[in-house]
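# A structural walkthrough
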Amino acid sequence: MKDIFETIKNVAFEIDHAIKTEDLGYSESENSSGEEQLKLDVQSDLIIEKAFANVSSVKALVSEEKEGVLELSKTGRYTVCYDPLDGSSLVDVNLSVGSIFGIYEGELEGKNLVASAYVVYGPRIELVIATRESKPMLYLAMDSKFKQLGEITMNEKGKLNASGGTQQHWAEHHKTFIDSLFQEGYRLRYSGGMVPDLHQIMLKGGGLFSYPSTTDKPEGKLRQLFEVIPFALMYEQAGAEAIDDRGERLLELVPSHPHDTTPCFFGSKYEIAALKTAYGING
Ligand code: AFP
């Protein structure tokens, strides 16, 4: 998988350059979830597609920005599922955004995710890579190269609380639970970009990120293959947990369509245990 990680490092610099220099307007197309695409979404997608075209270990690509699977090589071993520019609607207000990559071997389901990576484009460019065998490793871009900074381990209990979705549409038990964390002293940290929000909780030791089922989005908003499953591996390998609203591990999800979404919760052990109690989940 070294060739895949090297390719991700290269595209990180290219996408960062595009963010800093390109037009922030809308393209004329929509993505497969019916959302308007920014020109930057389309461009970031093309950068990734072009970069992986000649990586022989990659069998196929699945992009959050496109319908269907792009077959690359019959002899390749891995399928890379990616969200080229998550949180792109935050670029015009100059907040951090990210790219997310899930590397799957075999059918596209949680148990076949072998590694994941994400890039944060903020004041600095950071990259995190995790595999089934290793803790998330943090890299910082310096002088056009990525310098390894060290492994990420989360604490049993954190201090940050980030819950997405429109609050008006939250279920009563979710609202009560989120309020109870604030009563306990948790601090709100939510930018609206999944990558920087989950990254902050990982690097600051712990806490909880939730994107619940809401009355307007019963299946949540975040996509299983490109967003949820890759971050579930990150959290579990960092010593934390990642579950859905029935208490199932997100790493065991079996999407029936590449663009399926799910309610999801990523957090330290303490917060996930509290969530299970609040949601009436046994075990
Ligand atoms: P955009 O790509 O449309 O900016 O959406 C970002 C995102 O998919 C994810 O990064 C955030 O965690 C989530 O949406 C925020 O959604 P809410 O605004 O509904 O909380």
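Residues numbered from 1 in each chain as written. Predicted model: local features only at pLDDT ≥ 70, side-chain atom pairs only at ≥ 80, totals over all residues. Heavy atoms only, no water.

### Things to note about the environment of Lys74
The following threshold applies: Put simply, DSSP marks the helices as runs of H or I at least four residues long and the strands as runs of E at least two long, and each gets a number from the N terminus on. When accessible area is computed with a 1.4 Å probe and restricted to protein chains, residues below 20% of their type maximum are described as buried, those above 50% as exposed, and intermediate ones as partly exposed.
Secondary-structure assignment places Lys74 in the loop between β4 (70-71) and β5 (78-86). Here Lys74 falls in the exposed class, since its relative accessible area comes to 84%. The spacing of Lys74 and Lys59 is 15 residues in sequence and 6.0 Å in space, taken between C-alpha atoms.

### Brief notes about the layout of surface pockets
In this approach a probe as big as a water molecule rolls over the atoms, and the regions it shows empty are the leftover space. Applicable threshold: Grid spacing is 1 Å over the protein atoms alone, the probe is 1.4 Å, and a cavity is where that probe fits but cannot get out, while a pocket is an open set with protein on both sides within 12 Å along at least five of seven lines and lining residues have an atom within 4 Å of a point. Grid points are joined across faces, edges and corners, and a volume is the space filled by probe spheres set on the points. For this classification, the nonpolar set comprises Ala, Val, Leu, Ile, Met, Phe, Trp, Tyr, Cys and Pro, the charged set comprises Asp, Glu, Lys and Arg, and every other residue, Gly included, is treated as polar. How far each domain reaches was decided by an automatic or database domain assignment.
The volume enclosed by the largest pocket comes to roughly 480 Å³. Lining the largest pocket we find 25 residues, and of these Glu35, Gly87, Ser88, Ser89 and Lys221 sit closest to its centre. Contributing elements (two or more residues each) for the lining of the largest pocket: β2 (36-38), β5, α4 (194-203) and β13 (207-211). Broken down by element, the lining of the largest pocket gets its largest block of residues, three residues, from β5. Residue composition of the lining of the largest pocket, by class: eight nonpolar, six polar and 11 charged. Built from parts of two domains, the lining of the largest pocket gets at least three residues from each of domain 1 (2-151) and domain 2 (160-279). In this structure, the second largest pocket encloses a volume near 250 Å³. Lining the second largest pocket are Ser96, Val120, Gly122, Pro123, Arg124, Glu126, Pro196, Asp197, His199, Gln200, Leu203 and Lys204. Element by element, the count of residues in the lining of the second largest pocket is highest for α4, at five residues. Grouping the constituent residues of the lining of the second largest pocket by class yields four nonpolar, four polar and four charged.

Any functional reading would require information that these geometric values do not contain.
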